Amino acid sequence: MIVLWRVSNHCNLACPFCAYDKRLELPREEVAPDRVAGFIDLLGAWRTATGRPVLLSWLGGEPLLWGSRAEMDARAAARGLDLSLTTNGTRLGSPTVRAELVRRYREVTISVDGTADFHDAMRGWPGAFAKLARTVPALVAEREAAGAPLRVRVNIVLMRDNVAGFASLCRTLAAWGVDEISFNQLGGRDRPEFYPDHRLRPGDVARLVEEVPRLQAELARMGTRLVGGAAYLRRFADSVAGRALPITDCRVAETFLFVDEAGRIAPCSFALEHFGVRVDDLRSPEDLDALPQRLMSHQRTRAPRDCADCPSTQQFAKFEPMAPLAA
Ligand code: SF4
C-alpha cells in the first residue's frame, strides 16, 4: 500500500505550473501532527495485521519545510512503515537533511525539469541546476557509503518547452547516479492560464514514443531505470488528441491512497471532496482494510466528475518499466 500525503501547501519556489507557487495568494495550511500520528499508528497496526508493506510518502508544497517531519518519520519508522518524499531539492544542500534521508528513507523523488537554462527559470530558483548537480550526486554517494536501501529518483514534468531536451537531461541525470527517472506531462488543472501555451502537442508525444524505448535501453546501460509503461505513453497520446478516458471501475485504492493537508482521503488528489472520507474516520485495521472497497463502490455508483477523464498517473502505469511499444 502506498499512502501519498500532501502534508503542507507551503513552498519556497515559484513554478508557474504549480498550484502552490509561492507567489500565489492562497490559504497556506499544514496537516495537524496529531492527525498524522494517529494515522501512522493505524497504518502500523494494519501492516502488522495484514503482513503487507506500507510506503508512506510525503508531498507538498515542499515537505522538507514541514516542521513535524522528523518526529513523524521516527514514529513511522518505529511502526515498520517505509518512508518516501518528493522534494524540489532546495534543502538537499544540508548534510543533515541528506543524512536523515539516507538513514530513514526508502525513496526520494527530486523534481528536475531541464538543464540550467530551463530549470532555474521554471522553478524561480537562480543557480538551482548547478546546486542540484552537486547535491544529488552527494546524496547518491552518501547512500552508497552507508549501504542504505534509499532509491534516488528524479521526476521530470514534460511540456513543449523542454521535451526536445528530455533525452539529454536523462543522460545528465544518469551521470549524476540517479537510480530512476520518471516523467509526467504538464497538467492543466493546477494553473489553467499556463497550460494552453505549454502543454504537449501531438508531435511532442510522437517524438517521445519513438525516443523513449531507445533511451530506456541506453540509460539501463548507465545503471538508471527510465520508468513509464506503454499504456502511460498511450495516455499522453490520448490527452493531446483530446480523447477522454472515462474510468467506471476505479481500482486505484487497492494499492494507493491520497491524503491532503485536511486529512481527506481518496484514490487520487482530484476527487477528495467527492468521497467525503477522512483519516480520522478510520479507527481500526478492519476499517482500513475495508476502505478500498468502500471507495470503489462509491466511485462505481456515484463517480466524481474527474473520472470522466481520469488524470491520475496511478491509473496508467507511470512507474511500470517501459515495454516495447506496439506500432
Ligand atoms: S479521477 Fe481517476 S483515480 Fe480519481 S477516483 Fe476517478 S478514476 Fe479513480
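Sequence order as written defines residue numbering, which begins from 1 separately in each chain. Whole-chain, interface and lining totals are the exception, using all residues; otherwise, since this is a predicted model, local features are given only for residues with pLDDT of at least 70 and side-chain atom pairs are given and counted only at 80 or more. Working from all heavy atoms in the structure, the side-chain values ignore hydrogens and water.

1. Side note on the sheet that holds strand E7 (residues 225–226)
Worth spelling out the cut-off: Pairing between strands is defined by DSSP: at least two bridges between them are needed. Helix and strand assignments follow DSSP, with helices taken as H or I runs no shorter than four residues and strands as E runs no shorter than two, numbered in order from the N terminus. Contact between two residues is taken to exist if any of their heavy atoms lie within 4.5 Å; hydrogens are not considered. Every angle, taken between N-to-C directions, lies between 0 and 180 degrees, and every axis is a line fitted to C-alpha atoms, over only the stretch in contact when it is a helix.
In space, the nine strands of this open sheet follow the order E7-E6-E5-E4-E3-E2-E1-E8-E9, with mixed pairing throughout. Two strands in the sheet have a free side with no partner beyond their single neighbour: E7 and strand E9 (265–266). Bridge count for strand E1 (residues 2–6) against strand E2 (residues 55–59) is five bridges, and the pairing is parallel. From the neighbouring strand, Ile-2 faces E2, where its bridge partner is Leu-55. In the packing of helix H5 (residues 128–146) onto the sheet, contacts are made with strand E4 (107–111) and strand E5 (151–158), and the angle to E5 comes to roughly 150°.

2. Brief notes about the site of the ligand
Condition: When we say a residue is near a molecule or strand, we mean one of its heavy atoms is within 4 Å of it. Under the scheme applied, nonpolar residues are Ala, Val, Leu, Ile, Met, Phe, Trp, Tyr, Cys and Pro; charged residues are Asp, Glu, Lys and Arg; polar residues are all the others, including Gly.
Surrounding the ligand, one finds Ile-247, Cys-250, Cys-268, Gln-299, Asp-306, Cys-307, Cys-310, Pro-311, Ser-312 and Gln-315. Across the shell around the ligand, the residue classes tally to six nonpolar, three polar and one charged.

3. Examining helix H4 (residues 116–123)
A turn of α-helix holds 3.6 residues, and therefore any two residues three or four places apart point the same way. Here is the rule: Only protein chains enter the accessibility calculation, which uses a 1.4 Å probe; a residue is then buried when its area is under 20% of its type maximum, exposed when over 50%, and partly exposed in between.
Buried within H4 are the following residues: Phe-118, His-119, Asp-120, Met-122 and Arg-123. Where the residues of H4 are buried, they touch E4, H5 and E5.

4. Quick look at the pairing of strand E3 (residues 82–87)
Going by this rule: Crossovers are described as right-handed under a simple rule: with the strands pointing away from the observer, the path leading from the first strand over the helix to the second runs clockwise.
In terms of strand pairing, E2 meets E3 through four bridges, oriented parallel. Note on E3: the bridge partner recorded for Leu-56 is Leu-83. Taken together, E2, helix H2 (residues 69–78) and E3 constitute a β-α-β crossover, and its handedness is right-handed. Where E3 and E4 come together, four bridges link them in parallel fashion.

5. Re the UniProt feature "domain: Radical SAM core" (unreviewed entry) in the protein
In plain terms, the rule: UniProt positions are given in the numbering used here, feature names are shortened, and annotations may be inferred rather than shown by experiment.
The sites that carry the UniProt feature "domain: Radical SAM core" (unreviewed entry) are, in the present numbering, residues 1–230. In residues 1–230, helix accounts for 42% and strand for 16%; the two terminal C-alpha atoms are 23 Å from one another.

6. Digging into the environment of Phe-270
Here Phe-270 is to be found in the loop between E9 and helix H9 (272–275). Overall, Phe-270 belongs to the partly exposed group, its relative accessible area being 30%. In this structure the C-alpha to C-alpha distance between Phe-270 and Cys-307, which are 37 residues apart in sequence, comes to 8.9 Å. Excluding its chain neighbours within four sequence positions, the residues that come into contact with Phe-270 are Arg-189, Asp-306, Pro-311 and Ser-312.

7. Some words on the packing of aromatic side chains
The condition that has to hold: Only centres within 6.5 Å qualify two rings of Phe, Tyr or Trp (six-membered ring in Trp) as a pair; their planes then separate them into stacked at under 30 degrees, edge-to-face at over 60, and tilted for everything else. By the criterion adopted, a ring carries a charge over it if an Arg CZ or a Lys NZ lies within 6 Å of its centre and within 35 degrees of its normal.
The tally for this structure, following the rule as stated, stands at eight aromatic pairs. Centroid distance Phe-129 to Trp-176: 5.2 Å. Interplanar angle 40°. Geometry classified as tilted. In this pair, Phe-129 sits in helix H5 while Trp-176 sits in helix H6 (residues 166–176), placing the two residues 47 residues apart along the sequence. A ring pair is formed by Phe-183 and Tyr-232, whose centres lie 5.6 Å apart and whose planes are at 55°; its orientation type is tilted. A residue pair is termed long-range when its members are at least 10 positions apart, and Phe-183 in strand E6 (residues 180–185) and Tyr-232 in helix H8 (residues 230–240) qualify at 49 residues. In textbook terms, an aromatic cluster arises when at least three aromatic residues are bridged by ring pairs, as seen for Phe-166, Phe-183, Tyr-232 and Phe-236. We note Arg-189 situated over the ring of Phe-270; from NZ or CZ to the ring centre the distance is 5.5 Å.

8. Let's talk about the pattern of salt bridges
It is possible for side chains bearing opposite charge to pair when their charged atoms get close. The cut-off we apply is this: Throughout this description, the term salt bridge denotes a Lys or Arg side-chain nitrogen within 4 Å of a carboxyl oxygen of Asp or Glu.
Enumeration according to the criterion identifies 29 salt bridges in this entry. Between Arg-151 and Glu-180 there is a salt bridge, with the nearest N and O atoms lying 3.8 Å from each other. Residue Arg-151 is found in strand E5, and its partner Glu-180 is found in strand E6; the two are separated by 29 residues along the sequence. Arg-201 is the partner of Asp-204 in a salt bridge, and the nearest nitrogen-oxygen pair spans 3.1 Å.

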